Amino acid sequence: MLELSLNILDIVENSIRANAKLIRIEIIEDRANDSLKIEISDNGDGISEEYIEEALNPFYTSKTVRRVGLGLPLLSHAAGITGGSLSIESKKGNGTKVTAVFGHSHIDRQPLGDMEITIATLLSANPEIDFIYSHFNDGRVFVLDTREVKDELDDIPINHPKVIQFLKKNIGDGLKEIGAGS
């Protein structure tokens, strides 16, 4: 994948397939420690210890539509080549947390990509799921919690085109305000 936002989309799709109703996406840019951390956690079905070991094998997948599962192995490789790492924590029935750490300034680190479009895509396609997107950049933070947005919208669906357009702009403005990106 050319951008980390596409990896995030792929990992979140795993959470959705695991029946998650709340998905947290947290990005922490820490230039002082030269790190970029991406953490995706959910309250889905979780995975067994055996599957955690298999999850990083590109020739294993729990999906029935294809024979390979490249999302986690590609993310692990992308983190590893920057001096970072990938970890998976899960317990059957208690959700999953995937954490990828990258060398922020490493020449081989993929760009973060367009998080506005990534989050807007997730909200458009999954209005029944709650998302908390937090982006930290050197001590500054932007947070979007769809539970709060839904409370304000009353009976307007969060995936209404005008709401998505507004949220996409809100995310973009928020990320610019904290100096986040790439």
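Everything numeric here is computed off the predicted structure, so don't read it as measured data.

A. Geometry of the packing of aromatic side chains. Here the structure, examined in full by the defined rule, presents one aromatic pair. Relative to Phe-142, the ring of Tyr-133 lies with its centre 6.2 Å away and its plane at 65°, an arrangement referred to as edge-to-face. Judged by its relative accessible area of 1%, Tyr-133 is buried. Using a relative accessible area of 10% as the deciding quantity, one classes Phe-142 as buried.

B. Summary view of the pairing of strand β5 (residues 130-137). Across the eight residues that make up β5, a large majority, seven, are buried. Relative to β5, strand β1 (residues 22-30) runs parallel, the two being bridged by eight bridges. Bridge assignment links Ile-25 to a residue of β5, and that residue is Tyr-133. The pairing of β5 with strand β6 (residues 140-145) spans six bridges and is classified as antiparallel. Within the sheet, the bridge partner assigned to Ser-134 lies in β6 and is Val-143. Linking β5 to β6, which pair antiparallel, is a turn of two residues; within it Asp-138 sits at a positive phi near 50°.

C. Representation of the environment of Phe-142. Following the sequence through the fold, Phe-142 ends up in strand β6. The spatial distance from the C-alpha of Phe-142 to the C-alpha of Leu-175 is 6.6 Å, given a sequence separation of 33 residues. When sequence neighbours within four positions are dropped, the list of residues in contact with Phe-142 reads Tyr-133, Ser-134, His-135, Asn-170, Ile-171, Gly-174, Leu-175 and Ile-178.

D. Structural detail: a negative patch on the surface. Taken together, the side chains of Glu-148, Asp-151, Glu-152, Asp-154 and Asp-155 make up a negatively charged region of the molecular surface. With respect to the secondary-structure elements, Asp-155 resides in the loop between α5 (146-153) and α6 (161-178). Given the relative accessible area of 71%, Asp-155 is considered exposed.

E. A look at the sheet that holds strand β3 (residues 85-90). The strand order β3-β4-β2-β1-β5-β6 describes an open sheet built from six strands, whose pairing is mixed. Edge positions in the sheet fall to β3 and β6, since each of these pairs with one other strand and no more. Each neighbouring strand pair of the sheet contributes to a mean axis angle of 10°, computed without reference to strand direction. In the packing of helix α1 (residues 4-17) onto the sheet, the strands contacted are β1, β2 (35-42), β4 (96-103) and β5, and the crossing angle to β2 comes to about 20°. Running at roughly 50° to β6, α5 makes contact with β1, β5 and β6 of the sheet.

F. The arrangement of unusual backbone geometry in detail. A positive phi angle, close to 65°, is found at Asn-19, a residue other than glycine. Within the fold, Asn-19 resides in the loop between α1 and β1. One non-glycine residue, Asp-138, adopts positive backbone phi at about 50°. Inspection of the secondary structure assignment puts Asp-138 in the loop between β5 and β6. On the basis of relative accessible area, Asp-138 is assigned to the partly exposed category, the value being 37%.

G. Structural context of the confidence of the model for the chain. Here the chain averages 91 in pLDDT, while 92% of its residues score no lower than 70. Overall, residues 64-68 carries pLDDT values under 50, and its contacts beyond four positions in sequence, including any with other chains, amount to seven contacts.

Cut-offs used in this document
Residues numbered from 1 in each chain as written. Predicted model: local features only at pLDDT ≥ 70, side-chain atom pairs only at ≥ 80, totals over all residues. Heavy atoms only, no water. Phe/Tyr/Trp six-rings, centres within 6.5 Å; stacked < 30°, edge-to-face > 60°. Buried < 20%, exposed > 50% of the residue type's maximum accessible area, 1.4 Å probe, protein only. Helix = DSSP H or I, 4+ residues; strand = E, 2+ residues; numbered from the N terminus. Pairing = 2+ DSSP bridges. Contact = heavy atoms within 4.5 Å. Patch = residues over 30% accessible without salt bridge, like charges linked within 9 Å, V, L, I, M, F, W, Y side chains within 5 Å. Areas by Shrake-Rupley, 256 points an atom, 1.4 Å probe, with all protein chains shown as cover. Salt bridge = Lys/Arg side-chain N within 4 Å of Asp/Glu carboxyl O. Lys, Arg positive; Asp, Glu negative; His and termini not counted. Charge placed at Lys NZ, Arg CZ, Asp CG, Glu CD. Axes fitted to C-alpha atoms, helices over the stretch in contact; angles between N-to-C directions. pLDDT = per-residue confidence, 0-100.

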